[in-house]
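Residue-level structural notes
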Amino acid sequence: MQGGFRMKNRVLGYLFTLVVYILSIPIASAHGEAESSPLLTNIQIFLISVSISLVVFFVFRSNNPKKLSAFKPGIFSLALLSGLVHILLGISDRILLLGGVGVLVILASPLLVKMNDTRERIAHYSLGILSLVMFIAYFVSNHDIHSILEDYLGLTAKIAEIGVMVGLVQHRRSASIQDE
């Protein structure tokens with residue numbers, strides 16, 4: 001009975017994500033929001049990134065995460081959210097594109113290279129350092145506190161990056177406790 005309940009929740013999660021994605025496609029920037037890229041508005045970028053990250057999270061939670069990635073599902077999906085936001089915003093800004101591609105390359109590295117403990121640790125440190133650099137760079141490049149407080153897309157990406165860093169630290173601590 002519990003397996004059917006989990007399947008129902010997963011299907012509802014997929015359907016919700018699909019509906020949000022489909023409904024976000026026709027959103028126009030007529031709501032007074034300046035476009036951040038020539039193709040997509042901030043709300044479209046937000047909805048696309050969150051939708052894809054949620055689907056990936058549910059897929060990773062339902063499958064054995066060790067087979068799919070060196071990262072836990074929560075860390076992977078938060079990093080994916082940040083990377084997608086940076087890539088979609090990077091259509092008009094190469095520095096943002098570089099950060100987003102960097103995150104996706106690190107996330108894809110377990111698929112490209114056979115992972116051992118050392119390589120997994122390098123991937124974790126690389127993702128943590130890149131998340132920290134993107135977090136700091138956001139506040140260095142935005143000096144106006146008023147614009148930062150109104151930037152829900154940037155703040156969402158920064159919260160995701162904090163989640164990635166906290167998740168990686170917790171993972172490292174639990175791994176070191178298990179080694180003892």
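So, here's what we can say about the structure. (Residues numbered from 1 in each chain as written. Predicted model: local features only at pLDDT ≥ 70, side-chain atom pairs only at ≥ 80, totals over all residues. Heavy atoms only, no water.)

Brief notes about the packing of aromatic side chains
Taken as a whole, this structure holds 5 aromatic pairs when the rule is applied. Between phenylalanine 46 and tyrosine 152 the ring centres are 6.1 Å apart and the planes differ by 80°, which places this aromatic pair in the edge-to-face class. Here phenylalanine 46 is found in helix α2 (residues 42-62), whereas its partner tyrosine 152 is found in helix α8 (residues 152-179), with 106 residues between them in sequence. For tyrosine 152, a relative accessible area of 30% corresponds to the partly exposed category. Judged by centre distance (5.0 Å) and plane angle (85°), the ring pair of tyrosine 138 and phenylalanine 139 falls under edge-to-face. Cluster of aromatic residues (ring-pair linked, three or more members): Phe135, Tyr138 and Phe139. (Phe/Tyr/Trp six-rings, centres within 6.5 Å; stacked < 30°, edge-to-face > 60°. Helix = DSSP H or I, 4+ residues; strand = E, 2+ residues; numbered from the N terminus. Buried < 20%, exposed > 50% of the residue type's maximum accessible area, 1.4 Å probe, protein only.)

Examining the environment of threonine 41
Here threonine 41 lies in the loop between α1 (2-24) and α2. The spacing of threonine 41 and leucine 88 is 47 residues in sequence and 9.7 Å in space, taken between C-alpha atoms.

Brief notes about α2
Over its 21 residues, α2 extends 30 Å from the first C-alpha to the last, a length consistent with the 30 Å expected when each residue adds 1.5 Å. Of all the residues in α2, the buried ones are Asn42, Gln44, Ile45, Leu47, Ile48, Ser49, Ser51, Ser53, Val56 and Phe60. (Expected span 1.5 Å × (residues − 1).)

Observations regarding the nonpolar core
Formed by 16 residues in total, the largest nonpolar core has its most connected members in Phe71, Phe76, Leu107 and Leu127. Elements with a minimum of two residues in this core: α2, α4 (73-89), α5 (94-112), α6 (117-141) and α8. The element best represented in this core is α4, accounting for 5 residues. (Core = buried A, V, L, I, M, F, W, Y, C linked by side-chain atoms within 4.5 Å.)

Examining α5
Owing to its 3.6 residues per turn, the α-helix brings residues three or four apart onto one side. Along α5, the sharpest change in direction is near 30° and occurs at isoleucine 106; proline proline 110 comes one to four residues later. Those residues of α5 not exposed but buried are Gly99, Gly100, Val103, Ile106, Leu107, Ser109 and Pro110. Against the buried residues of α5 lie α4 and α6. Looking at where α5 begins, the residue whose side-chain oxygen comes 3.2 Å from the main-chain nitrogen of isoleucine 95 is aspartate 93. (Bend = angle between axes of the 7 residues up to and from the residue. Contact = heavy atoms within 4.5 Å. Polar contact = N/O pair within 3.5 Å; in protein donor to acceptor, adjacent residues only side chain to side chain.)

What about the layout of surface pockets?
Its boundaries defined by the atoms lining it, the largest pocket holds a volume of some 630 Å³. Put simply, the parts of the chain that give the lining of the largest pocket at least two residues each are α4, α5, α6, α7 (145-150) and α8. Looking at the lining of the largest pocket element by element, the count peaks at 6 residues for α6. Class assignment of the residues belonging to the lining of the largest pocket gives a composition of 14 nonpolar, 8 polar and 4 charged. (1 Å grid on protein atoms, 1.4 Å probe; cavity = no way out; pocket = protein on both sides within 12 Å on 5 of 7 lines; lining within 4 Å. Points joined across faces, edges and corners; volume = space filled by probe spheres on them. Nonpolar A, V, L, I, M, F, W, Y, C, P; charged D, E, K, R; others polar.)

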